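Below are the chains, spelled out letter by letter.
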Amino acid sequence: MVRVIAAIVASALVILLGYTVYLGSVTDDLIVPTNEVAGRKAVDNPSNNAAGRQSIIARTELQRWRAASGPSPEQPRPAAGRPADGALKSPDAPNIPYSEGRAVVNDWLSNRDGESKMLREPQNVSGRSSLPGPAKETFVQPQGRQWRSARNGPIAFGGAFYLIGVAAILAVFLSVRGRVPIKEGLSGQTVSRFSAFERANHWLTAGSFIVLALTGLVILFGKDVIRPWLGPDLFGDLAEGSAWLHMALVAPLAVGVAVMIASWSWQNLPTALDWKWLKQGGGFMRDNAPNPPADRFNAGQKLIFWAVILGSIVLIGTGLAMMFPFLWAGYDGMQLAQSTHAIAALIMIGIIFGHIYIGTIGMVGAFDAIWSGNVDRNWAKEHHSIWYGRLSETADADEQKSTQPAE
Amino acid sequence: MVFWGHAPNSHSRGPDVKAGLEKVDLLVIVDLVPTLSAALADRKNGVYLLPAGSTMESSGSVTNSQRALQWREKVIEPLFEAKSDYEIIYRFARKFGFDNELCRHIAVENDEPVAEDILREINRGSWTIGYTGQSPERLKLHMRHQDKFDSTTLLGMSGPVKGEYYGLPWPCWGTSKMKHPGTRSLWDQSLPVAEGGLPFRARWGVEHDGSNLLAEGSYPVGSEIADGYPEFTYAVLEKLGWHTELTSVERLAIATVADGSFEPSILTLSEQAAHERLEELLAGKSVDETRSTDRTPGPSSIEQNDPQARQAAKTYEDYTPESREQKKEPKDTGTGKADLGGGGEDGDQKMSDGENFAGKLLRVNWKTDLSGGIQRVAIAHGCAPFGNGKARALVWNFPDPVPVHREPLYTPRRDLVEKYRTYDDRRKYRLPTLYWSIQQQDFSRDYPLILTTGRLVEYEGGGDETRSNMWLAELQQEMFAEVHPDDARALKIADGDLIWLHTPEGARIKVAAMSTRRVGRGTVFMPFHFGGLYQGRDLSEKYPQGTVPYVVGEAANTVMTYGYDVVTFMQETKGTLCRIERA
Amino acid sequence: MARMKFLCDAERCIECNACTTVCKNEHEVPWGMQRRRLVTVNDGVPGEFSLSVSCMHCTDAPCIAVCPVSCIYQTDIGIVLHDKDICIGCGYCFYACPFGAPQFPQTSNFGSRGKMDKCTFCAGGPEADGSEMEFKKYGRNRIAEGKLPLCAEVCSTRALLGGDGDVVIDIYKERVIRRGYGSGAWGWSTAYYGPPQES
């Protein structure tokens, strides 16, 4: 049953993946005028009628004459540009039909040919400003446009492709392999795997990470994925809450990661056994495959651990750079920080997909470890044989002293 | 001591200013904002702040540096306890008991002198600079028809302002009835005087050391005297035969000015009444003092009897254009006293009481004729009332008739001191002024950098008002000293570091260093608009509550040192020496 | 009708700050936020010039492209406006903007910024034209009155030109013909044409 559902989900994901590739190839990032916040009430646009536009042109012409040496007294004075009162709003003034955005932009861009001799190549220009505060002295930083291209192009579409891809692979794996069973079946007896403190810290970290990931995804993809469904206002509220939560949850994530480093990192140092474990794929691939020996943390868990630690450090560092503009990063630094933040976060979300998969639906008996803290003895024996061996030695000794039977 | 729209941080020698402010019995500050005057002195008593309204809270004329006037209307009544400047000065006068004299010709409404009358009072007296034709009515007309002026040439193109220059830039000769259009460019000889043209003023007499000071062969278009001429007096008019063009009112005014009995009401008499009063006046004078022939005041019969009148008449006789060619002996009629008192007056001696009426009458001139008749007649003949003279490059009554370089009192170039020495210490009026006794001391070893001060575009003067303006204050939020990057590097100072800046008289201020190539190596520049900090001490709490400017900073003039101009006694705010160190 | 454009003529700007001051006054922009500001390049050395810079109302505006809530939009005369009710203060527009135009009130905690504020070309925002709410959020709407941005209209040396782009470039061309190339139309290629196109 699970495998059938997984197959259906996998097919859907593959189709979605294809659609993402299609979108990425056809989407044009060019901004076209909409005259309003898309999907919201239309704005009154005074420059939309002929009188308004005539007035603007006439007023602009007024800026001309002082450019020359000035008119001689014989020449007529330029007329003031102010149209008659009410002309701007007059119902008689015909509205100029709103042309399709793309045509307008093409028209604007076509001016380049006539103006090319007046233009300077885009370049960074900075000087001095009497205003206190960072970057006030920068006149232009053309690389802002490059950052925008990177974010809206490779990062957005690459990220979507990657996340859907990871999900699709996991679904395919589940449908092909099914859940990884406990070979000897449930023993009915459990051993304690994670202390309450460890579990609490895991869920602190995991909880904040999940919220951070979801809110981050809202910021990156929400405009295209959620906004059409919610409308601009509701989505605006969602995004505002997301942005607030995203910044607020830095603190719990940082605490969780710090505690993890303190409590787990020595157990996650790589050993020779890890290589062997990885070569055998952890014994997950087939029901009859032997499980390679592992201590309290196997190589897969160690990889997750270090990915989380390193990823979180990168994410917190780059996130803080954006939260406190110009504290240590300038324009370049913040643009780099945002790009790094997005890429690192997407990679980590993919890794956490795998982690969640194997910890829940992917493997029978795994979730108990971090939920109740107690795992089935057979699960422990199969996946963490060395740890289990060490545990049962001390446990047997304890049991002899105690009259209490183990549950 | 009364500060009226003036800031103490405009004065150099800050510690002395502070000590002075603490010593005066009474300190009165009339201003929009309390200004640094209220906060600088360490005193608790005897300080009065009189809140004055802004330009929006009273109407009146304003004159810009292009000499044009505009009429501004009151937008709102003075807010809170503020009063207009007019009302404050009127109440002062009343308290001191001369309000009737002050406002003799000015209507007072609700204790506030009427702005139009104030301008009329100015018009009545300011003949020398032609600040007489700009009546409030004419200015208001210009404001109403602003759109009819060409914005490049400033000339009115149509309507009631056609042919006038916007704002009637002075000189706007004669009375407002004369409708002089104002003078857009001084000394533009391509226009008749009546249309805003002018020659150069015959300001320093007609001759000096044998050189003719009148113009030669140069005169404005339309001038009936095609050469230089001295300033216009009644005597000149008579010599030219133009005095007959004066109206009876103008003659009466001239005669009463000479006589000392002038009353403004004379100007409103009818021609007939004026004529009768003139006859009456002349009849009262002795035979010697009046002319018998045509009852017109004039010198011809008096000259024989009055040596002074004779001399005055002769002076002008010598310098009328026709007689000039035949003149034999040059004469120095310029007073040209070699003192420091001012620009050297022309033959415009004070009318002493002892002088004969006829003599006085002859010397009534374009500046003292309160009817404007002399100006009117001169201009009607295409002549400038102030004569047609030459500019002078040799100012014989200055200590240096031609400017020479003199090293500043505090100079880093000791090698130049001997050759370009300053003046000896001197004493003028009651004021001893030090020069050499300061310059002879060498401060350059301890104070190696040149210090100068100047302006920022965002602030004005002492800056109390502009620093209290949110929009402006935001643009310059910190007092700074510009230091050349090489000097900054040598002193291990980075851009934005706080520094102490010391000057030879012992004052010091704490400012931010700005490392910039705006200044040369060895020079430090500071803007002078800041205040509210004094030698590192924050004075903010000494301002009345809620009146601290948005931006406070050290006043540059706190550290500026001694030095006064030899002619004007203007303080030296542009050159001294300093030392800077990191704070 | 061409789009609206700003142009600051570096040969003419005298750094008088009139544009920045009238902008603050006209729209009552709070302390610390500058819809328009002045930058002096080559300060104190030969070739010094000053530029007045604000939102240039770019063609293909990067801020609109990166806004995660699409609160920024463009009118068909090229004016880039935004809706403060939707803005979440994330600051992305600030990273993307080549001209440092977006401003944020630094009032909130957690580094989150308030609603973005920027030059509106004196065209207000989505609220009804000339309404009190529009003024409160976006400042005066002069375009709706047939007027141009005050900064450009107040410029005494006509260094800052603003209005119909065809007229603006025509004025500028006239100057270039009169006086020679000078330093060129600063920021225009970045603002109105983006990076050079491959032809």
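Residues numbered from 1 in each chain as written. Chains lettered and ligands numbered in written order. Predicted model: local features only at pLDDT ≥ 70, side-chain atom pairs only at ≥ 80, totals over all residues.

Student: I keep staring at the nonpolar core and nothing clicks. Help me out?
Tutor: Within soluble globular proteins, side chains that are nonpolar generally end up buried alongside one another. Counting 91 residues, the largest nonpolar core has Cys 8, Cys 63 and Cys 93 of chain C as the members making the most contacts within it. The residues contacting Cys 8 of chain C, other than those within four sequence positions of it, are Cys 13, Leu 51, Ser 52, Val 53, Ala 159, Leu 160 and Trp 186 of chain C. One finds Trp 71, Tyr 219, Val 236 and Val 364 of chain B within the second-largest nonpolar core, a separate group that totals 60 residues. (Core = buried A, V, L, I, M, F, W, Y, C linked by C-beta atoms within 7 Å. Buried ≥ 20, exposed ≤ 12 C-beta atoms within 10 Å, placed from the backbone. Contact = placed C-beta atoms within 7 Å.)

Student: Any chance you could explain helix H6 (residues 136-144) of chain B here in plain terms?
Tutor: In an α-helix there are 3.6 residues to a turn, and that puts residues three or four apart on one side. Buried within H6 of chain B we find Pro 136, Arg 138, Leu 139 and His 142 of chain B. Across the axial projection of H6 of chain B, the buried residues extend over an arc of 165°, all falling on one side. (Helix = DSSP H or I, 4+ residues; strand = E, 2+ residues; numbered from the N terminus. Arc of directions from axis to C-beta.)

Student: How do you make sense of the sheet that holds strand E1 (residues 2-4) of chain B when you look at a structure like this?
Tutor: Across a sheet, paired strands are connected by hydrogen bonds in the backbone, their directions being either parallel or antiparallel. Residue and element names in this part refer to chain B. Read across the open sheet, the three strands follow the order E1-E2-E3; overall the sheet is parallel. Looking at strand neighbours, the two that pair on one side only are E1 and strand E3 (47-51), the edges of this open sheet. Averaged over all adjacent pairs, the angle separating strand axes in this sheet is 10°, with direction ignored. As paired elements, E1 and strand E2 (residues 27-31) share three bridges and run parallel to each other. Bridge pairing in E2 places Val 2 opposite Val 28. (Pairing = 2+ DSSP bridges. Axes fitted to C-alpha atoms, helices over the stretch in contact; angles between N-to-C directions.)

Student: Explain the pairing of strand E20 (residues 576-582) of chain B to me, please; I cannot follow it from the model alone.
Tutor: Two faces belong to every sheet, and in a regular strand the side chains alternate between them. Residues and elements named next belong to chain B. With respect to burial, E20 is a largely interior element, five of its seven residues being buried. In this structure, strand E12 (residues 449-454) lies alongside E20, joined through three bridges in antiparallel fashion. By the bridge assignment, Leu 449 is partnered in E20 with Cys 578. Bridging between strand E14 (residues 498-502) and E20 involves four bridges; their strand directions are antiparallel. Paired with Ile 499 across the strands is Arg 582, a residue of E20.

Student: What is the right way to read the interface of chain A and chain C from this model?
Tutor: Quite often, the size of an interface is put as the accessible area lost when its parts meet. At the interface, 84 residues of chain A touch 78 residues of chain C. Among the elements that line the side of chain A that touches chain C, the one with the most residues is helix H6 (residues 227-248) of chain A, at 11 residues. Per-class residue counts for the side of chain A that touches chain C are 40 nonpolar, 21 polar and 23 charged. (Nonpolar A, V, L, I, M, F, W, Y, C, P; charged D, E, K, R; others polar.)

Student: Would you mind showing me how to read the interface of chain B and chain C here?
Tutor: Counting residues at the interface gives 10 residues for chain B and 11 residues for chain C. Its residues placed into classes, the side of chain B that touches chain C shows five nonpolar, one polar and four charged.

Bear in mind that shape data such as this cannot, by itself, settle questions of function.
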